[in-house]
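Listed here are the chains, written in short residue letters.
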Amino acid sequence: MEWLVGLAGSVLIAGAAGRKRSLSGSGVAAAVVLGTVMYGLGSAVWFGTLIAFFISSTLLSRWKKKRKEAAESGYEKSGRRDAGQVAANGGLALLLCVGAVVWPHPVWWFAFLGVMASVNADTWATEIGGLSRTPPRSILTGKRVTAGTSGGVSALGLAASMAGGLFIGLTAWLLMEAIPGQIEPSGTESGLVRLASWAVLGLIGGTAGSLCDSLLGATVQLMFRCGVCGREVEQRRHCGRQTERIRGFSGWNNDIVNVAGSAAGGLVTVAGALLLGLL
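Residues numbered from 1 in each chain as written. Predicted model: local features only at pLDDT ≥ 70, side-chain atom pairs only at ≥ 80, totals over all residues. Heavy atoms only, no water.

Some thoughts on the sheet that holds strand S4 (residues 232-233)
Worth spelling out the cut-off: Strand pairing is defined by DSSP finding a minimum of two bridges between the two strands. Each helix corresponds to a stretch of at least 4 residues labelled H or I by DSSP, and each strand to a stretch of at least 2 residues labelled E; elements are numbered beginning at the N terminus.
Read across the sheet, 3 strands follow the order S4-S3-S7 without closing on themselves; strand pairing throughout is antiparallel. This sheet does not close on itself; its edge strands, each paired only once, are S4 and strand S7 (244-247). Bridge count between strand S3 (residues 223-225) and S7: 3 bridges; the pairing is antiparallel. Considered in S7, the bridge of phenylalanine 224 is made with arginine 245.

As for the pattern of salt bridges
Where we set the bar: Here, a salt bridge means any side-chain nitrogen of Lys or Arg that lies within 4 Å of a carboxyl oxygen of Asp or Glu.
Under the criterion given, the structure shown has 1 salt bridge. Here arginine 247 ties to glutamate 232 by a salt bridge, and the two come within 2.5 Å at their closest N and O atoms. One end of the pair, arginine 247, is in strand S7; the other, glutamate 232, is in strand S4, and 15 residues separate them in sequence.

What to know about the confidence of the model for the chain
As a reminder of what qualifies: Note on scores: pLDDT gives the predictor's confidence for each residue, bounded by 0 and 100.
Per-residue pLDDT for the chain has a mean of 86; in total, 90% of the residues score no lower than 70. Here helix H4 (residues 65-72) stands out as the least confident element of the chain, with mean pLDDT 58; helix H9 (residues 254-275) is the most confident, with 95.

A few points about a nonpolar patch on the surface
For the record, the criterion: Patch criteria: residues need more than 30% relative accessible area and no salt bridge. Like-charged residues are merged within 9 Å; nonpolar side chains of Val, Leu, Ile, Met, Phe, Trp and Tyr are merged within 5 Å. The protein chains shown are the only cover counted for residues, whose accessible areas, like all others here, come from Shrake-Rupley with a 1.4 Å probe.
Residues Met1, Leu4, Val5, Leu7 and Val11 make up a contiguous nonpolar surface patch of about 490 Å² in total accessible area. Its place among the elements puts leucine 7 in helix H1 (residues 2-19).

Notes on the state of the cysteines
Let me state the cut-off plainly: Note that a disulfide, as used here, is simply two cysteine sulfur atoms within 2.5 Å. Residue exposure (1.4 Å probe, protein chains only): buried if accessible area is under 20% of the type maximum, exposed if over 50%, otherwise partly exposed.
In this structure the tally under the stated criterion is 0 disulfides. For cysteine 226, which is in no disulfide, the shortest distance to another cysteine sulfur is to cysteine 229 and amounts to 3.6 Å. In this structure cysteine 226 comes out as buried when scored by relative accessible area, which is 2%.

Shown next, in the form of structure tokens:
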């Protein structure tokens, strides 16, 4: 029954995103598989946390889209999310859900919380930070860079990433309170203590993951320079011409950087849970 519920919910949500052109055909298929398995193996709390990320990020990607077009023009992928982006944002979370089934332990949940907080924080930072009226600064040098440059951070983007991580922590807590018994308590803490703990963990883990994503984007991500407009971009072609590789390692595209950043956020969240005595 759980698998049918997960399938129905995933088809409904992914299908709506496909009709709104937020997901490509491959993105819809990947989202349906991801959501169905997440619900079937996990619970409504795991699934609901994933959906909270998906819906919020989809809505933000469409918010003031015209104003963000200049910054997004240098991204490897923008607009409709494909299967690769769906996997980059949710694949690691699904593996953690599988781990919780194979070897039940609270550590999987906290790692999942950190991973989802990270991908949400990074998405919010990108979508909201792209509206900043001041150019971002390089996370490495502090120098001003063009909006949309990998590794660029702004005050607005940082605030958005913190809000995105906090949102996931609060959402997970609300889901667990609304649907009790689906996540085994890791201790005897009260609901309010758990609320504060999960909110802090979402905030810290999400922000750490987002900053790690920016750091990787400024160092190891494969980047190119457009010979026409002179911009540093993620694309092999820009302004209708082949671009020149300027830095980064082969294979380290935006999707891989997203996975690595979210993994870092998951580890930070687990470490935070240990410090708070939740593990």
